[in-house]
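An overview of the molecular structure
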Amino acid sequence: MIPTTQAAPRPVPARPDTIRMAVIGLGERSAWMLRLMADAEPGVRVEVIVDPHRAAARRRAVEADLPLAAAPASFDDVDEFVEAAPAVDGVILGTRCLLHTPIAVKLAPLGIPLFIEKPVAISWAQLAQVRDAYPAERADHVVVSFPLRRTPLFDAVVDIVRGGRPGGVNKHQAVHFGGSGTGFGDNLYRPYELWWGV
């Protein structure tokens, strides 16, 4: 629940090693990711917020104690952002899933490194659009949010498989015990008419 009183933002002064970030869709997930990035790299500063709900996005930025520029730019939609092409070093895309592909494709001509929440696409057609917008030579411009790939257990399994210890891999099976899988797969978060009709 968002409180009705709005705390004052905490502007972060520019530093020589500042990493200027834009966030598109400042929801709980993207705020959390920005907070983690700022904790890991003190130079991170939010320069641009793109969100149609400006007041709520600003409140969330303050509540998450995000390192804001003294006067972060605000845009209601991605087209305004692309047209303005503000000077930023990276973009976090945290909108609803069905918007990830169309927005990523619009951002591609800017050549700004992109951190995109999963899933990148909700259909094979969208996946092809992203592939065409970010060819192999620009693959390092896009990072997909999948933090579990850096967990010790995953690293150990990768080392075992790549080392050839189990022999050839004919089949793999994964069991997901996290509660988020049910909410994502079975509830209204995943409207099938959007996922399979696009």
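Structure: above.
Just so it is clear, the model here is predicted, and its values are computed rather than measured.

A few points about the layout of surface pockets
Approximately 380 Å³ is the volume found for the second largest pocket. Those elements that provide at least two residues to the lining of the second largest pocket are helix H1 (28-40), helix H2 (54-63) and helix H4 (97-107). Per-element accounting of the lining of the second largest pocket gives the leading share, three residues, to H2. Of the residues belonging to the lining of the second largest pocket, the class tally is nine nonpolar, five polar and seven charged.

Observations concerning the pattern of salt bridges
Within the structure shown, the criterion is met by seven salt bridges. For Arg54, the salt bridge identified is with Asp76, shortest N-O distance 2.8 Å. Residue Arg54 is found in helix H2, and its partner Asp76 is found in the loop between strand E3 (68-75) and helix H3 (78-84); the two are separated by 22 residues along the sequence. On the accessibility criterion, Arg54 (40% relative accessible area) is partly exposed. With a closest N to O distance of 3.2 Å, Asp132 and Arg131 form a salt bridge.

Comments concerning the packing of aromatic side chains
With the rule as written, the count across this model stands at one aromatic pair. Measuring from centroid to centroid gives 6.0 Å for Phe75 and Phe81, while their planes differ by 80°, and the two rings are edge-to-face. Residues Phe75 and Phe81 agree in their burial class; the two are buried.

Here we look at the pairing of strand E4 (residues 90-93)
Of the two faces of E4, the one lined by Gly90 and Ile92 and the one lined by Val91 and Leu93 are each fully buried. Direction of pairing for strand E1 (residues 19-24) relative to E4: parallel, over a ladder of four bridges. Paired with Ala22 across the two strands is Val91, which belongs to E4. Looking at chain direction, E4 and strand E5 (residues 114-116) are connected through three bridges and run parallel. The residue bridging Val91 from the neighbouring strand is Leu114, located in E5. Between the parallel pair E4 and E5, the chain is carried across by H4, and the sense of this crossover is right-handed.

Thresholds applied
- Residues numbered from 1 in each chain as written.
- Predicted model: local features only at pLDDT ≥ 70, side-chain atom pairs only at ≥ 80, totals over all residues.
- Heavy atoms only, no water.
- 1 Å grid on protein atoms, 1.4 Å probe; cavity = no way out; pocket = protein on both sides within 12 Å on 5 of 7 lines; lining within 4 Å.
- Points joined across faces, edges and corners; volume = space filled by probe spheres on them.
- Helix = DSSP H or I, 4+ residues; strand = E, 2+ residues; numbered from the N terminus.
- Nonpolar A, V, L, I, M, F, W, Y, C, P; charged D, E, K, R; others polar.
- Salt bridge = Lys/Arg side-chain N within 4 Å of Asp/Glu carboxyl O.
- Buried < 20%, exposed > 50% of the residue type's maximum accessible area, 1.4 Å probe, protein only.
- Phe/Tyr/Trp six-rings, centres within 6.5 Å; stacked < 30°, edge-to-face > 60°.
- Pairing = 2+ DSSP bridges.
- Right-handed = clockwise from strand over helix to strand, strands pointing away.

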